[in-house]
Amino acid sequence: MLSKKTKYGLKALTYLASVDSKVPVQIAEIAKHENISQKFLESILLTLRRNGFLGSKKGKGGGYYLIKEPKDILMTSVMRVLEGPIAMIPCVSLNFYEKCDDCPDENKCSVNKLMLQVRDSALEVYRNNTLEDLIS
């Protein structure tokens, strides 16, 4: 299940992409428009800023803005930053691989086989969608 952090992060990014991308938008405006708790949104936007999706400006006229074009923001990147590994179990993760403690042989594991397909399907969707696709 998608976490609220990821859901709200996607909503905030979509909102920022739909307004003039070079003009900072205040957290309060995003929170009100997208019906998100302002305090929770602050931590999400900070994560997105620290990971190179957003820029911020302090003071009067300050707020957050996209530092990349929406077409250059891949959903794989956003999902990994906000949600963590795309794979549902660590033994099929591309970036966060860990061997399962209870599995003697991944090649014979039915769960591994199924979760590889799930991971690949999810990656296909995320790789073929950008922030621009969400606002089009």
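Residues numbered from 1 in each chain as written. Predicted model: local features only at pLDDT ≥ 70, side-chain atom pairs only at ≥ 80, totals over all residues. Heavy atoms only, no water.

Looking at an unreviewed UniProt entry, one finds the protein chain named Transcriptional regulator, with Flagellimonas aquimarina as its source organism.

*Asks:* Residue-level account of the side chain of T130, with values.
*Replies:* With respect to the helices and strands, T130 occurs in the loop between helix 5 (110-127) and helix 6 (131-135). Looking at T130, the relative accessible area reads 11%, which means it is buried. Sequence-distant contacts of T130, defined by excluding residues within four places in its chain, comprise P70, K71, I73, L74 and M75. (Helix = DSSP H or I, 4+ residues; strand = E, 2+ residues; numbered from the N terminus. Buried < 20%, exposed > 50% of the residue type's maximum accessible area, 1.4 Å probe, protein only. Contact = heavy atoms within 4.5 Å.)

*Asks:* Which residues make up the packing of aromatic side chains, and what are the values?
*Replies:* Overall, the coordinates contain one aromatic pair when judged by the stated rule. A centroid spacing of 5.8 Å and a plane angle of 75° characterise the contact between Y8 and F40, whose relative ring orientation is edge-to-face. Highlighted residues: Y8 in helix 1 (residues 4-18) and F40 in helix 3 (residues 38-50), separated in sequence by 32 residues. Accessibility expressed as a relative area gives 14% for Y8, which makes it buried. Its relative accessible area of 31% is what places F40 among the partly exposed residues. (Phe/Tyr/Trp six-rings, centres within 6.5 Å; stacked < 30°, edge-to-face > 60°.)

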